[in-house]
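# What the coordinates show
If you want the building blocks of each chain, they are given just below.
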2 protein chains.
Amino acid sequence: MASSDPVYLRVVADIRRQIVDGSLSPGASIPSRAQLTRKYGVGETAARHALRVLAAEGLIVGRVGSGHYVRAQPTLLPLHRWRFHDHHAPFGADIQSQGTRATWDWRTEPADATPDIAQRLRLEEFAAVTRTSYVFRGDGKPVQLATSYEPAEFGEPVAEENPRGLIPRLSALGVKITEIVEQVYTRVPQPAESDALALPAGVHVLHVERTHWAGDRPVETSDIVIPGDRFRLVYSHPLTP
Amino acid sequence: MASSDPVYLRVVADIRRQIVDGSLSPGASIPSRAQLTRKYGVGETAARHALRVLAAEGLIVGRVGSGHYVRAQPTLLPLHRWRFHDHHAPFGADIQSQGTRATWDWRTEPADATPDIAQRLRLEEFAAVTRTSYVFRGDGKPVQLATSYEPAEFGEPVAEENPRGLIPRLSALGVKITEIVEQVYTRVPQPAESDALALPAGVHVLHVERTHWAGDRPVETSDIVIPGDRFRLVYSHPLTP
DNA sequence: GGAGGCAATTTGGAACTCCAACTTTGAGGG
DNA sequence: CCCTCAAAGTTGGAGTTCCAAATTGCCTCC
């Protein structure tokens, strides 16, 4: 904390310290901005700025008319990525095995492959694909979004077949899945995603690009959007003897 | 965009749309706040607020005295998590294989296991462990931080032995690694991490908790901090016939 | 004891103003 | 053409003031 640093950073650092060292526990109230101006001898602008930074870090949350409060640090539910890949809805099976009631909606439609999807599926641009959009719910609240793309040649996953899952469905078509690859990164959610997932301000998502391979051919690719404040992803790698 | 929405959101949405649809390409300048007030008929506060939100989303970056500019969307270098686990520095080997010169520093010291580490290593609280802190550099710039913990009984990885890597080292001690588990989540970086990794404002990190298992015993656990604007993690899962 | 009303307080949005440090541009001179 | 300097403009920090919507606590009445 250099003496030339902006005053708001002094306020941020002090409050952050109290939160991190436990002096201010989850649910505890933070001084109002009027109180901060008096306590730290700063103006309202700096007080607001400090509160804004702390809120953006997810450490506090403001309630209109009431005040700011320390946020409980989220417990991140683990999603074991390879454990349920033979279920018809791996995510659903995972959180259900952890005691959360899981439901999901999906919508399937024919689409043209965007350049990105075409590349991932090694198709021509604008090739015909089948796009299936999912909303997964835990205890009734949306907790994950996913969009899956398959070459149109595999046909549309009709409603009765969908519960069978991708791997057996493609197997019945003579396509054997040999590998699943997931690429994980973090990003800012799009406004529609924030709305759909009821994300608190400042929360980023984990974005998983998952591709099913049959030998050296990609036969399905998905974009999965996972709230970064609710889940962590667990990957296991056994070592062969 | 409801008509009762704050005016700053109108500005945000308009500029975001231009960036997303390519009208404003990377490097393009954004109107200054004075220009925004005139263009959108809002006050300076709302103009600043809009710019602040866009900056927090990583879409623009402000340069003092110059203006705001559209940020190039980062190309995320893939880190193949299981490909180099038998190297002495898997991360280094990974980015080196992609053309980036990798170097790293580390520092080893005895420590007492915190409750979290004790739980992860199935040790008593405050049990003696060996803590090794790493700073990984790509082309001379820090690009990843990691802290590794081992039970103290394995001894201190002395400098000459470190290049051999964890798995052969423990193997020489009669401990056979049977599985590696990585848990991935995203979070706000701590100030020291932001400094160390030179993270732009608003960038979150991927945090990987990695544990090496020998049978049902955890024998090493690490916390790995990866800039969310530079890397993505790639996990592969072969399906057995 | 419970319900309702009211005052005080709070947050989030917003306006206007000022300032230091910095950048950019244009004019003038060599 | 190149260099210098001044003017204009920019960002980030900061202050003060106002307002709508919401919350909380206290008081009064039934």
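Computed from a predicted model, the values in this text were never measured in an experiment.

### Considerations on the pairing of strand 6 (residues 128-138) of chain B
All names here are of chain B. Relative to strand 6, strand 5 (residues 102-112) runs antiparallel, the two being bridged by 11 bridges. Across the sheet, P110 pairs through a bridge with T130, a residue of strand 6. Taken together, the 10 bridges between strand 6 and strand 7 (residues 141-151) define a ladder with antiparallel strand orientation. When the bridges of strand 7 are listed, Y134 appears paired with A146.

### Looking at the interface of chain A and chain B
Taken together, the contact pairs 33 residues of chain A with 33 residues of chain B. Summed over both partners, the interface of chain A with chain B buries about 3000 Å², with 59% contributed by carbon and sulfur atoms. The interface formed by chain A and chain B includes zero salt bridges. Inspection of the region where chain A meets chain B yields 14 residue pairs in polar contact (both at pLDDT 80 or more).

### Side note on the nonpolar core
The nonpolar side chains of a soluble globular protein tend to be buried with one another. In terms of nonpolar packing, the biggest core is built from 47 residues, with V184 and L233 of chain A together with V184, L233 and Y235 of chain B touching the most fellow members. Leaving out residues up to four positions away in the same chain, L233 of chain B has contacts with E182, Q183 and V184 of chain A together with L79, R81, V184, L206, V208 and I226 of chain B.

### Quick look at the pattern of salt bridges
All names here are of chain A. Inspection of every chain in the model, using the stated rule, returns 34 salt bridges over all chains. For R217, the salt bridge goes to E153, with nearest N and O atoms at 3.0 Å. In this pair, R217 is assigned in strand 10 (residues 217-227) and E153 in the loop between strand 7 (141-151) and helix 6 (166-172), connecting sequence segments 64 residues apart. A salt bridge links R230 to D229; its shortest N-O distance comes to 3.7 Å. Via salt bridges that share partners, D116, R120, E209 and D223 belong to a single interconnected network.

### Here we look at the protein's contact with DNA strand C
Taken together, 24 residues lie near DNA strand C, and R33, R48 and G65 of chain A together with V7 and T45 of chain B sit nearest. Backbone sugar and phosphate groups make up 59% of those atoms of DNA strand C lying within 4 Å of the protein. R48 of chain A places a polar side-chain atom, nitrogen or oxygen, 2.6 Å from a base oxygen of DNA strand C. A distance of 2.3 Å separates a base nitrogen of DNA strand C from a polar atom in the side chain of T45 of chain B. Counting residues per element, the ones that place at least two in the surface near DNA strand C are helix 2 (33-40), strand 2 (60-63) and strand 3 (67-70) of chain A together with helix 1 (7-20) and helix 3 (44-56) of chain B. In terms of residue count, the dominant contributor to the surface near DNA strand C is helix 3 of chain B (four residues). Partitioned by chemical class, the residues of the surface near DNA strand C number eight nonpolar, 12 polar and four charged.

### Considering the domain arrangement of chain A
Along its sequence, chain A is organised into domain 1 (7-70) and domain 2 (77-234). Placing a centre on the C-alpha atoms of domain 1 of chain A and another on those of domain 2 of chain A gives a separation of 39 Å.

### Focus: the side chain of H207 of chain B
Residues and elements named next belong to chain B. Along the chain, H207 falls in strand 9 (residues 205-214). Note on H207: relative accessible area 8%, which makes it buried. Within the structure, H207 has its side chain in polar contact with the side chain of R187 (distance 2.9 Å). Once you skip the residues sitting within four places of it in the chain, H207 turns out to touch Q183, V184, Y185, R187, D223 and I224.

### Thoughts on the sheet that holds strand 9 of chain B
Spatially, 4(A)-11(A)-8(B)-9(B)-10(B)-7(B)-6(B)-5(B) is the arrangement adopted by the eight strands of the open sheet, whose pairing is mixed. For this open sheet the edge positions go to strand 4 (77-80) of chain A together with strand 5 of chain B, each flanked by a neighbour on one side alone. Recorded for the sheet is a direction-independent mean angle of 20° between the axes of neighbouring strands. Where strand 4 of chain A lies against strand 11 (residues 231-238) of chain A, four bridges are found, and the strand directions are parallel. Across the sheet, the residue bridging to H80 of chain A is V234 of chain A, located in strand 11 of chain A.

### Side note on unusual backbone geometry
All names here are of chain B. Here the phi dihedral of R122 falls at roughly 55°; this positive angle occurs in a residue that is not glycine. Counting through the fold element by element, R122 comes out in the loop between helix 5 (115-121) and strand 6. For R122, a relative accessible area of 59% corresponds to the exposed category.

What counts, and where the lines are drawn
Residues numbered from 1 in each chain as written. Chains lettered and ligands numbered in written order. Predicted model: local features only at pLDDT ≥ 70, side-chain atom pairs only at ≥ 80, totals over all residues. Heavy atoms only, no water. Pairing = 2+ DSSP bridges. Helix = DSSP H or I, 4+ residues; strand = E, 2+ residues; numbered from the N terminus. Contact = heavy atoms within 4.5 Å. Buried area = accessible area lost by both parts, 1.4 Å probe. Salt bridge = Lys/Arg side-chain N within 4 Å of Asp/Glu carboxyl O. Polar contact = N/O pair within 3.5 Å; in protein donor to acceptor, adjacent residues only side chain to side chain. Core = buried A, V, L, I, M, F, W, Y, C linked by side-chain atoms within 4.5 Å. Buried < 20%, exposed > 50% of the residue type's maximum accessible area, 1.4 Å probe, protein only. Near = heavy atom within 4 Å. Nonpolar A, V, L, I, M, F, W, Y, C, P; charged D, E, K, R; others polar. Domains from an automatic or database assignment. Axes fitted to C-alpha atoms, helices over the stretch in contact; angles between N-to-C directions.

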